[in-house]
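Geometric and topological summary
Here's the letter readout for the chains.
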Amino acid sequence: MGLFRIIGKVLFAALLLVIIAAVAIVILAAVGYMIGNEPIETDKITDPCMTSEDRARDIDDLYQKLMSECPSMDDYSERYGIDYEELHQRYRKMALECGSDFEYACIFNLFIQKIPSFHTDASLMNYESDFRSSYQNCEVILKDEAKAEKYNFWHKVISEGCAECYDDIIDEGSGILQFSYISGKYRLSGSRSEKYSSGEYFLEEIDGKKPGEFAYFDSNYNIGYDNGRDMPYLYSIDLWENDDHKYKGIPVSVTLSDSEGRLITDEVYINPVMEYIEYNGGAYAVGTDSTFSDEYDAYHDSSNTGETYTNNMTAEFDSMITTSYDGKNDIFYMNFQSFFTYYKPEELREYLESRYSITEKSKVIIDLRSNTGGYESVFFEGLYPLLYSSDMLNTLDFDILCSDVTREYEESLSGKIFRLFNGDDIEKISENGVDYYRDTCKFEATGQREGGNADVYVLTSPYTGSASDVVVWNLKKAGLATIVGRNTGGEMYSPYITTMPVSGLAYYFSAISADDFGHDNSAYGTEPDIYSSLSYEQYMDYYDMLGSGEDSESVSGLLKYDQVFITAYDEALKSAA
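**Some remarks on the overall build of the protein**
When helices and strands are tallied, the protein shows 21 helices and 20 strands. For the protein, the residues scored as buried account for 53% of the 577 residues in total. Excluding contacts between residues fewer than 6 apart, the proportion of contacts in the protein whose partners are at least 24 apart in sequence is 75%. Here the protein displays about 25,900 Å² of accessible surface, and carbon together with sulfur accounts for 49% of that area.

Next up, the structure:
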């Protein structure tokens with residue numbers, strides 16, 4: 001017995017040493033992870049000294065990276081009718097012929113803008129904001145000193161390029177015609193043109209092409225899809241009456257119609273470089289190119305007591321949420337405009353209940369049509385407990401396409417420690433000869449409401465995406481809400497960031513396509529249970545209300561023009577009958 005007791009003690013001591021060593025490894029790894037996440041601070045600027053041939057090769061590399069890293073490219077091509085090889089050749093030619101680094105940055109951006117993805121976008125090359133973003137592998141990309149120095153170069157190029165012509169656009173007019181897409185029509189919504197300063201005008205053709213083909217013009221505006229009309233569109237189109245700019249545009253012939261249907265032909269220009277300056281130049285021109293606020297810095301300052309931060313809590317929540325209540329029918333409406341907040345979800349929950357007594361409302365309409373995301377925990381831990389008595393648990397496999405970028409992150413120490421501390425269950429799999437990282441995500445929420453679930457309706461649009469789409473997808477999957485509106489923008493997973501090997505230009509991209517409803521979430525979004533959209537006439541009624549100062553956000557105001565709200569409101573009335 002004595003021998004067995006000695007052996008047992010030795011085995012126990014050995015096991016204890018193994019446990020201590022494992023804990024030490026985890027602690028050291030966590031410390032290393034945090035140290036590894038410290039940004040590279042350098043004022044050095046590295047000019048890649050690109051020739052025209054270098055720029056052309058950069059476009060070649062970008063095309064190859066997009067086709068190999070983004071799993072939704074075939075679905076984009078099929079749904080939107082985009083020929084990416086044709087785009088590749090067109091922008092390659094533009095890269096060969098462009099005269100400056102700034103022009104090339106704009107051409108690079110144009111290619112990225114032709115990816116109809118909620119997350120895929122070109123970086124403005126702000127090193128600090130890119131590093132502090134929540135994208136999957138920002139620390140892998142941005143802790144490299146050589147890459148940081150190229151970031152500094154492109155930040156300088158873009159900021160100086162935007163500032164150079166921005167005042168000319170804003171102060172001197174330049175004859176810009178901006179057409180906004182509204183329910184199948186491109187309406188002149190903004191003009192600095194004497195010729196079209198009064199009246200109502202619509203864009204009918206550009207070089208003989210009709211509205212369904214406008215999405216392929218060289219533009220910095222995002223591409224959307226109108227499910228009701230089964231056609232792609234640009235959110236907006238800028239046309240320029242003159243070409244008196246340093247950066248020359250592309251002449252086009254356009255046909256406009258006025259409010260009486262009369263047709264007008266004109267010669268104008270598409271100028272994607274000047275459009276880029278108009279679109280992004282304000283941040284640089286006024287010196288506000290930093291993405292983050294003083295409140296963010298205060299919140300992340302370890303010495304901060306939280307007092308400054310807490311004092312602004314009510315103001316921030318008030319700016320995030322607009323509400324109205326129909327007491328007669330007990331229908332509570334809340335427009336939740338963002339899931340990004342510096343405050344803890346439980347603080348939001350206390351605010352919502354003390355301010356609005358949501359647990360006492362039987363029918364709730366939640367408007368997420370302008371909610372582009374943030375943190376889904378804001379909803380699941382902040383609002384969900386007040387709406388539901390039942391718990392929610394959904395599981396979804398995100399298949400992350402294995403590429404140079406995702407491999408660099410997922411197989412790095414930083415990536416593995418991040419997964420460990422976030423409880424992610426990720427494994428490498430192979431299907432049909434293609435390698436993936438499968439991230440099995442659990443979405444959980446706990447109900448605290450007494451007396452049963454509220455009758456919930458969620459309003460959606462193509463602007464509903466990222467964390468906001470996480471909320472919509474889960475509520476639909478669990479059958480906890482009726483989704484009303486248009487397809488969401490999709491993409492429930494944070495994107496990756498990568499840099500081009502020669503230029504150092506960067507972009508964000510979505511490396512997964514998951515849905516569980518039978519199609520590509522990135523290309524199609526989450527479909528509503530009830531499709532509904534505003535007519536052109538209803539949009540005009542809305543603009544008239546804004547012009548007159550009439551309340552357009554109350555229940556009574558929304559019932560005058562907002563077909564999506566009206567549809568949900570009628571469904572709520574029927575469910576109570």
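Now that the structure has been shown, the text picks up again.
**Comments concerning unusual backbone geometry**
Phi at Cys 49 is positive, roughly 50°, even though this residue is not glycine. With respect to the element layout, Cys 49 can be found in the loop between helix 1 (2-36) and helix 2 (52-69). Residue classification places Cys 49 among the exposed positions, given a relative accessible area of 55%. Even without glycine at this site, Asp 330 takes up a positive phi of about 55°. Along the polypeptide, Asp 330 turns up in the loop between strand 10 (321-326) and strand 11 (331-336).

**Looking at the environment of Cys 98**
Along the chain, Cys 98 falls in the loop between helix 4 (84-97) and helix 5 (101-113). Separated by 46 residues in sequence, Cys 98 and Ser 52 place their C-alpha atoms 7.6 Å apart. Leaving out residues up to four positions away in the same chain, Cys 98 has contacts with Arg 55, Glu 103, Tyr 104 and Ile 107.

**With respect to the environment of Met 67**
Tracing the backbone through its elements, the reader meets Met 67 in helix 2. On the basis of relative accessibility, which here comes to 32%, the residue Met 67 falls in the partly exposed class. Taking the C-alpha atoms as reference points, Met 67 and Glu 85, separated by 18 residues in sequence, lie 9.9 Å from one another. Apart from the residues lying within four places of it in its own chain, the contact partners of Met 67 are Met 73 and Tyr 84.

**Overview of the sheet that holds strand 13 (residues 392-401)**
Taken together, three strands build an open sheet; the order of strands is 13-15-14 and the sheet is antiparallel. Each having just a single partner strand, strand 13 and strand 14 (425-431) make up the two edges of the open sheet. The average angle at which neighbouring strand axes cross in this sheet is 30°, direction not considered.

**Let's talk about the sheet that holds strand 11**
Reading across the sheet, the six strands line up as 10-11-12-16-17-20 and stay open at both edges, with mixed pairing between neighbours. Each edge of the sheet is formed by a strand with only one pairing partner; in this case those strands are strand 10 and strand 20 (530-531). The sheet contact formed by strand 10 and strand 11 spans six bridges and is antiparallel. Bridging across to strand 11, Tyr 325 finds its partner in Phe 332. Relative to strand 16 (residues 455-460), helix 21 (residues 563-576) is tilted by about 165°, and along the sheet it contacts strand 10, strand 11, strand 12 (363-367), strand 16, strand 17 (482-485) and strand 20.

**Quick word on the pattern of salt bridges**
On inspection of all chains with the given rule, the structure shows 26 salt bridges. Here Asp 226 and Arg 229 are joined by a salt bridge, their closest N and O atoms 2.9 Å apart. Judged by relative accessible area, which is 38%, Arg 229 ranks as partly exposed. With a closest N to O distance of 3.2 Å, Arg 407 and Asp 404 form a salt bridge. With a gap of three residues between them, Arg 407 and Asp 404 both fall in helix 15 (residues 404-410), about one helical turn apart. Judged by its relative accessible area of 32%, Arg 407 falls in the partly exposed class. When salt bridges that share partners are traced, they join Glu 86, Arg 90 and Asp 218 into one network.

**Some words on helix 3 (residues 73-80)**
Of the positions making up helix 3, those classed as buried are Met 73, Tyr 76, Arg 79 and Tyr 80. Viewed along the axis of helix 3, the buried residues span an arc of 135°, placing them on a single side of the element. In this structure, helix 3 carries Asp 74 and Glu 78 as exposed residues pointing more than 90 degrees from its buried face. Taken from the residues just after helix 3, Gly 81 is the one with a positive phi, measuring 70°.

**Section: the layout of surface pockets**
In this structure, the second largest pocket encloses a volume near 900 Å³. Contributing to the lining of the second largest pocket are 30 residues, with Arg 369, Tyr 463, Leu 534, Tyr 539 and Tyr 542 lying nearest its centre. Within the residue set of the lining of the second largest pocket, elements represented by two or more residues are strand 2 (176-182), strand 11 and helix 19 (536-548). Class assignment of the residues belonging to the lining of the second largest pocket gives a composition of 14 nonpolar, nine polar and seven charged.

**Things to note about the pairing of strand 3 (residues 185-191)**
In this sheet, strand 3 lies alongside strand 2 in antiparallel orientation, the contact comprising six bridges. Note that in strand 3 the partner of Leu 177 across the bridge is Ser 191. Counting the residues between successive antiparallel strands, the hairpin from strand 2 to strand 3 contains two residues, one of them, Ser 183, with a positive phi of roughly 50°.

**Details of the side chain of Asn 487**
Mapped onto the elements, Asn 487 comes out in the loop between strand 17 and strand 18 (496-499). From its side chain, Asn 487 meets the backbone oxygen of Tyr 524 in a polar contact 2.8 Å long. In this structure, Asn 487 is in contact with Asn 227, Ser 461, Pro 462, Tyr 524, Thr 526, Glu 527 and Pro 528, ignoring residues within four places of it in sequence.

Parameters and conventions
Residues numbered from 1 in each chain as written. Predicted model: local features only at pLDDT ≥ 70, side-chain atom pairs only at ≥ 80, totals over all residues. Heavy atoms only, no water. Helix = DSSP H or I, 4+ residues; strand = E, 2+ residues; numbered from the N terminus. Buried < 20%, exposed > 50% of the residue type's maximum accessible area, 1.4 Å probe, protein only. Contact = heavy atoms within 4.5 Å. Areas by Shrake-Rupley, 256 points an atom, 1.4 Å probe, with all protein chains shown as cover. Pairing = 2+ DSSP bridges. Axes fitted to C-alpha atoms, helices over the stretch in contact; angles between N-to-C directions. Salt bridge = Lys/Arg side-chain N within 4 Å of Asp/Glu carboxyl O. Arc of directions from axis to C-beta. 1 Å grid on protein atoms, 1.4 Å probe; cavity = no way out; pocket = protein on both sides within 12 Å on 5 of 7 lines; lining within 4 Å. Points joined across faces, edges and corners; volume = space filled by probe spheres on them. Nonpolar A, V, L, I, M, F, W, Y, C, P; charged D, E, K, R; others polar. Polar contact = N/O pair within 3.5 Å; in protein donor to acceptor, adjacent residues only side chain to side chain.

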